[in-house]
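Residues per chain are reported as follows:
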Amino acid sequence: MPNRLNIPRPIVGILGGLGPAAGVRFAALLTEQTDATHDQAHLNFLFSSFACTPDRSAYLCRLAKSAVSPDADDPYPYLLHGAHALLRAGARLLVIPCNTAHAFYPALCRDLPVPILHIVQENAAFLQANGIRSVGVLATRGTVASKSYQTTLAALGIRCILPNPAAQIQVDKLIAAAKAGVFPSRNALAALCVPLWQKGAQTVLLACTELSLGASLPGTLDTMRPLALRTILAAGKPVKNDAWRKTFLHTVPFCAEGTDGSKEISEIHSQERNPISW
């Protein structure tokens with residue numbers, strides 16, 4: 001056995017478990033979207049899944065003085081513990097497939113000696129590169145409270161449209177159901193997207209990775225996909241030609257106020273997914 005192993009760098013560390021199914025799905029995306037013809041052509045990654053990490057959204061709502069989660073525990077020590085475990089195992093580039101956890105990104109960058117890809121920044125750059133000027137955002141209450149998407153998108157001149165309070169309750173329910181293994185249906189997602197399309201959103205970000213676990217819906221963007229593409233490229237690997245096609249589901253026609261959006265939903269169900277640039 002050779003004394004030295006020929007292991008290409010950097011080794012990617014996936015800080016998973018946030019939630020567990022989303023982390024596993026992200027790891028699968030890295031393999032699915034890498035242009036490789038044999039095992040050794042894929043990127044090397046390490047995966048941690050500390051599912052015991054306290055609820056990120058609940059804690060951020062606590063910081064925002066929301067009555068929803070007055071006693072939520074701080075997840076940061078768990079995030080840092082998981083990151084250090086990956087570093088000890090050899091990871092030199094970290095990625096976190098959880099939108100809400102990126103509220104802790106500045107602290108992680110301060111406390112860790114390796115680069116960390118940023119899901120919000122990668123998605124914002126992806127939208128800007130493809131001419132999107134108005135986007136709906138479906139996210140946890142914690143992500144909304146952190147204003148990560150609102151601030152990042154505004155800096156690029158992209159309008160951010162959030163669901164109303166009643167719709168946010170439905171978003172919360174879909175996320176909770178997904179964590180229990182019941183993933184969002186296309187109709188359930190469409191019901192939340194139609195009001196955002198009606199307000200002018202060219203596409204809707206599924207800005208909670210649990211929302212990406214169900215049926216795909218044209219007119220939406222799975223925020224794990226731009227992050228996965230950037231991770232592959234950062235690891236020095238090529239992406240499949242159709243990875244771009246699968247990442248961005250075609251933007252939708254304007255839904256007039258006062259309609260239920262059924263005509264538009266019928267149209268986008270039949271649309272082809274078009275490749276775009278990044």
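Residues numbered from 1 in each chain as written. Predicted model: local features only at pLDDT ≥ 70, side-chain atom pairs only at ≥ 80, totals over all residues. Heavy atoms only, no water.

Colleague: Explanation requested: the sheet that holds strand β6 (residues 203-206) in the structure shown.
Modeller: Strand-to-strand pairing in sheets goes through backbone hydrogen bonds, with the strands running parallel or antiparallel. Overall, parallel pairing links the 4 strands, which are arranged β5-β4-β6-β7 in an open sheet. Two strands in the sheet have a free side with no partner beyond their single neighbour: β5 (159-161) and β7 (220-222). With strand direction ignored, the average angle separating the axes of adjacent strands in the sheet is 30°. Inspection of the sheet shows strand β4 (residues 134-138) paired to β5 by 3 bridges, in the parallel sense. Counted as the bridge partner of S134 is R159 from β5. Against the sheet, helix α5 (residues 119-129) engages β4, β6 and β7, with an angle of about 140° to β7. (Pairing = 2+ DSSP bridges. Helix = DSSP H or I, 4+ residues; strand = E, 2+ residues; numbered from the N terminus. Axes fitted to C-alpha atoms, helices over the stretch in contact; angles between N-to-C directions. Contact = heavy atoms within 4.5 Å.)

Colleague: Sorry if this is basic, but what is going on with empty space enclosed by the protein here?
Modeller: Rolled over the atoms, a probe sized like a water molecule indicates the empty space that remains. Tallying each qualifying case throughout the model produces 3 cavities of 30 Å³ or more. Estimated volume of the largest cavity: approximately 40 Å³. Lining the largest cavity, in full, are L162, P163, N164, A167, L192, P195, L196 and K199. Broken down by class, the residue content of the lining of the largest cavity amounts to 6 nonpolar, 1 polar and 1 charged. (1 Å grid on protein atoms, 1.4 Å probe; cavity = no way out; pocket = protein on both sides within 12 Å on 5 of 7 lines; lining within 4 Å. Points joined across faces, edges and corners; volume = space filled by probe spheres on them. Nonpolar A, V, L, I, M, F, W, Y, C, P; charged D, E, K, R; others polar.)

Colleague: Can you walk me through the pairing of β6 in this structure?
Modeller: Regular strands show a simple pattern: their side chains alternate between the two faces of the sheet. Going residue by residue along β6, you find T203 and L205 tucked away on one face and V204 and L206 tucked away on the opposite face as well. Summarising the sheet, β4 and β6 pair through 4 bridges and their orientation is parallel. Following the sheet pairing, L138 is matched in β6 by L206. By the bridge criterion, 3 bridges tie β6 to β7 in an arrangement that is parallel. (Buried < 20%, exposed > 50% of the residue type's maximum accessible area, 1.4 Å probe, protein only.)

Colleague: In this structure, what is going on with the side chain of S134? I would like to understand it.
Modeller: Along the chain, the position of S134 falls in strand β4. Exposure remark for S134: the relative accessible area of 8% places this residue in the buried category. Within the structure, S134 has its side chain in polar contact with the backbone oxygen of G200 (distance 3.2 Å). S134 has contacts with I158, R159, I161, G200, A201, Q202 and T203, leaving out every residue within four places of it along the chain. (Polar contact = N/O pair within 3.5 Å; in protein donor to acceptor, adjacent residues only side chain to side chain.)

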